[in-house]
Amino acid sequence: MELASRQDPHLREVVWFAVCCRALTLLLQALFNLLIPDHAADAFYPPRLSEPGLWDLLLEQLLGGLSHWDAEHFLFIAERGYLYEHNCAFFPLYPLSVRAVAEGALWPLQRLLRLRSCLLLSAVLLNSLFSVLAAAALYKLGCVVLQCRRVAFLAAVLFSVSPANVFMAAAYSESMFAFLAFSAMWQLEKGQSWLSGLLFSLASGVRANGLINAGFFLYFRGKCFALQLQVGSGSVRKLPPLWKQLLSLTSSAVLMCAGIFLPFALFQYYAYVRFCGPGGGLEQAVPKPLLQLALDKGYRLAAMKGVKPPWCSQQFPVVYSYIQDAYWNVGFLRYFELRQIPNFLLALPVTLLGSWAAWTYIIANPRHCVTLGLERRKSEEGKPRAGFCCPAVFVYVVHATVLLVFGFFCVHVQVLTRFLGSSSPILYWFSAHLLQEYEPLLWSEGTDNRTMAPRSEKSLLGKSPGSCGKRTHGNPVVTLLLNCRLITPLSKCILGFFLSYWLLGLILHCNFLPWT
């Protein structure tokens, strides 16, 4: 049974709203970049080696706000490769894609624009496309997992006004990662294991936390095996011998995990060869302004003066973990300082929302959580529960909780918003769940509109009748905003969090001011 036809009006609305939000984002960042002077931040800012032309200056005025902070790294890598050691904290698939589009689709503009301007335009166009596709993939995934089109629709619409919005628009890898991760999850839910593995593998070439996605495949394969062992005696004859099942499970798990870890391993090997091997006269090939920048800032070039970095002599020379430790002081509890209280406050909304989501799911499904969803229960066969608390959401809650705990204790805590916002659907599913359950303006009566979930059931929290019922195809977020005086305090808090971070991110980040 097809979950969403090509004529699905919800999907069309998701795509249209995402396109409108992208256009509004680009317009507002250009306005803020024009009106507010850039802050003189102590951040990576390599010198421009060619004089800008008239069109370069115009493009910088329009899109320059999207090239700050880590975007400088991605654009620099796309232009000059991994010249400095700390550039290796940023994985290669996104800058390679930016360079490919700049030299391919944007080739006619190279006569008007210098390379860096083409790369910036390429990054903005790619991220606009990826963010729209990610919203569509999130909707498709929600339809399959939640078994409730209305919550899936609302979650996908919320994604377009994500608190991490500015990072979905700027020359960061978040949009590309979100698209690949959500698409891989969707394909895995559909049973397309190999396509899902390919997408997960590509995602691990975009961001390091893509490695955690191997857990999805391991869980789905393990769950399938555990449930097969619990089938009735009448079905045993239809199953292959146990040793064949174990062999199939082990081989597929090893192959898929190897595929997901392969991009990471290849990139670490590339960094080892580049920074731990012979220099080969690299310093002579580096322009003098970039050499001077390395001297002024203490950046390490590949085999600079024949001195190898300390990580080269480690038993397992992994440049990524070394950079996080040496350059950014990332580690367990290292960010727990009094002067970091403002950053913890920035991360407080997403921390509370993520923790609330996990608690809500555990309270609604205690036995399912204790058994890790590996127990076949006769009472649930043929009666799938729809919505956020359905059994299929379990692995996504675990994934989001792992990211939340790791991000809170081990990394710079202010990145939690974009860390979760681009990696997990839980932030959007749970927000949509709360709005649907507690906001009377979104309640409606009518026939059921679930996908593959025929059972009609009461709300898990006893609040909204027919939470998966039929309603018009209007945009629920727009409806709530137009009636902002009538909505509940909880709805105001959720929308306030999404929209305030959406707007503040544009104002601050686009002018080189600190943000998440």
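Residues numbered from 1 in each chain as written. Predicted model: local features only at pLDDT ≥ 70, side-chain atom pairs only at ≥ 80, totals over all residues. Heavy atoms only, no water.

Q: Explanation requested: the overall build of the protein in the structure shown.
A: Helices and strands together make up the secondary structure of the protein, namely 21 helices and zero strands. Burial status across the protein gives 53% buried among its 516 residues. Per element, the accessible surface of the protein, about 23,600 Å² overall, is 66% carbon and sulfur. (Helix = DSSP H or I, 4+ residues; strand = E, 2+ residues; numbered from the N terminus. Buried < 20%, exposed > 50% of the residue type's maximum accessible area, 1.4 Å probe, protein only. Areas by Shrake-Rupley, 256 points an atom, 1.4 Å probe, with all protein chains shown as cover.)

Q: I would appreciate a short explanation of the environment of Leu106 in the present structure.
A: In this structure, Leu106 sits in the loop between α4 (93-103) and α5 (115-146). A relative accessible area of 9% places Leu106 in the buried class. In the structure, Leu106 is positioned 16 residues away from Ser122 in sequence and 7.4 Å away in space, judged by C-alpha atoms.

Q: Looking at this model, I keep getting lost on the side chain of Asn165. Mind explaining?
A: Locating Asn165 in the fold gives a position in helix α7 (residues 165-169). Residue Asn165 is classed as buried on the basis of its relative accessible area of 1%. A polar contact of 3.2 Å, which involves the side chain of Asn165, links it to the side chain of Trp502. Other than its neighbours up to four places away in sequence, Asn165 contacts Arg22, Thr25, Ser160, Trp502 and Leu506. (Polar contact = N/O pair within 3.5 Å; in protein donor to acceptor, adjacent residues only side chain to side chain. Contact = heavy atoms within 4.5 Å.)

Q: When you look at helix α17 (residues 394-410) in this model, what are you seeing that I'm missing?
A: Each full turn of the α-helix corresponds to 3.6 residues, which orients residues three or four apart in the same direction. Given a rise of 1.5 Å per residue, 17 residues ought to cover 24 Å, and the 24 Å separating the end C-alpha atoms of α17 matches this to within 8%. Every buried residue belonging to α17 is among Phe394, Val395, Tyr396, Val397, His399, Ala400, Leu403, Leu404, Gly407 and Cys410, and all of these are buried. (Expected span 1.5 Å × (residues − 1).)

Q: What should I look at first to understand the packing of aromatic side chains in this one?
A: Aromatic ring pairs: the centre-centre distance and the angle between the two ring planes describe each pair. Overall, the coordinates contain 42 aromatic pairs when judged by the stated rule. Judged by centre distance (6.2 Å) and plane angle (85°), the ring pair of Phe90 and Trp328 falls under edge-to-face. One end of the pair, Phe90, is in the loop between α3 (70-80) and α4; the other, Trp328, is in the loop between α14 (319-326) and α15 (341-364), and 238 residues separate them in sequence. In this structure an aromatic cluster arises from ring pairing among Phe74, Phe90, Tyr94, Phe167, Tyr172, Tyr327 and Trp328. Lying across the ring of Tyr45, Arg48 places its NZ or CZ 4.5 Å from the centre. Taking the ring centre of Trp186 as reference, the NZ or CZ of Lys190 above it sits at 4.4 Å. (Phe/Tyr/Trp six-rings, centres within 6.5 Å; stacked < 30°, edge-to-face > 60°. Lys NZ or Arg CZ within 6 Å of the ring centre and 35° of its normal.)

Q: Would you mind showing me how to read the state of the cysteines here?
A: Any covalent bond linking the sulfur atoms of two cysteines counts as a disulfide. Counted under the stated rule, the structure contains one disulfide. Shown here is the disulfide that connects Cys276 with Cys312, its sulfur atoms set 1.7 Å apart. Between Cys276 and Cys312 the disulfide shows an S-S torsion of about -80°. By sign, it is left-handed. Here the residue Cys276 occupies a position in helix α11 (residues 242-276), and Cys312 occupies one in the loop between α13 (288-297) and α14, the gap between them amounting to 36 residues. Across this residue pair, the class does not change: Cys276 and Cys312 are buried. (Disulfide = S-S within 2.5 Å.)

Q: How do you make sense of a nonpolar patch on the surface when you look at a structure like this?
A: A grouping of Leu54, Trp55, Leu58, Leu62 and Leu112 is seen on the molecular surface, where their side chains present a nonpolar patch of about 540 Å² in accessible area. By secondary structure assignment, the location of Leu62 is in helix α2 (residues 54-63). (Patch = residues over 30% accessible without salt bridge, like charges linked within 9 Å, V, L, I, M, F, W, Y side chains within 5 Å. Salt bridge = Lys/Arg side-chain N within 4 Å of Asp/Glu carboxyl O.)

Q: Would you take a moment to explain the pattern of salt bridges for this structure?
A: As a working rule, side chains carrying opposite charge can pair if their charged atoms are close by. Inspection of every chain in the model, using the stated rule, returns 13 salt bridges. The closest approach of N and O atoms between Glu72 and Arg48, which form a salt bridge, is 3.0 Å. Placement of the pair is Glu72 in helix α3 and Arg48 in the loop between α1 (9-35) and α2, with a sequence separation of 24 residues. Residue classification places Glu72 among the buried positions, given a relative accessible area of 1%. Between Arg367 and Glu375 there is a salt bridge, and its shortest N-O distance comes to 2.6 Å. Accessibility expressed as a relative area gives 44% for Arg367, which makes it partly exposed.

Q: Can you help me understand the nonpolar core in this one?
A: For soluble globular proteins, nonpolar side chains are generally found buried alongside one another. Counting residues in hydrophobic clusters, the biggest one holds 146 residues, and the most contacted among them are Leu158, Phe159, Phe388, Val393, Tyr396, Ile426 and Trp429. The biggest single contributor to this core is α5, with 20 residues. Not counting the four nearest positions on each side in its chain, Trp429 is found in contact with Leu138, Leu141, Gly142, Val145, Leu146, Val151, Ala155, Phe388, Val393 and Tyr396. Residues Phe44, Phe76, Val286 and Leu290 belong to the second largest nonpolar core, which totals ten residues. (Core = buried A, V, L, I, M, F, W, Y, C linked by side-chain atoms within 4.5 Å.)

Q: Please explain the packing of helix α8 (residues 174-189) against helix α10 (residues 214-229) as it appears in this structure.
A: Between α8 and α10, the least distance of the axes is 11 Å, while the angle of their chain directions is 10°. For the element pair α8 / α10, the angle class is roughly parallel. Contacts between α8 and α10 involve Met185, Leu188 and Glu189 from the former and Phe216, Phe217 and Phe220 from the latter. Across the contact of α8 with α10, the residue classes tally to five nonpolar, no polar and one charged. (Axes fitted to C-alpha atoms, helices over the stretch in contact; angles between N-to-C directions. Parallel < 35°, antiparallel > 145°, perpendicular 65-115°, else oblique. Nonpolar A, V, L, I, M, F, W, Y, C, P; charged D, E, K, R; others polar.)

Q: Would you mind showing me how to read helix α19 (residues 426-438) here?
A: End to end, α19 covers 18 Å across 13 residues, agreeing with the expected 18 Å (1.5 Å per residue, within 8%). In terms of residue burial, α19 counts as a mostly covered element, since twelve of its 13 residues are buried. Of the residues making up α19, those classed as buried are Ile426, Leu427, Tyr428, Trp429, Phe430, Ser431, Ala432, His433, Leu434, Leu435, Gln436 and Glu437.

Q: How should I be thinking about unusual backbone geometry in this particular structure?
A: Leaving glycine out, the prevailing phi sign among residues is negative, and the prevailing peptide bond configuration is trans. In the Ramachandran plot, Leu333 falls in the positive-phi region, its phi being about 65° despite a non-glycine side chain. Examined against the element boundaries, Leu333 turns out to sit in the loop between α14 and α15. The partly exposed category is assigned to Leu333, whose relative accessible area is 38%. Although it is not a glycine, Phe512 adopts a positive phi angle of roughly 60°. Structurally, the position occupied by Phe512 is in the segment after α21 (489-509). Using a relative accessible area of 6% as the deciding quantity, one classes Phe512 as buried.

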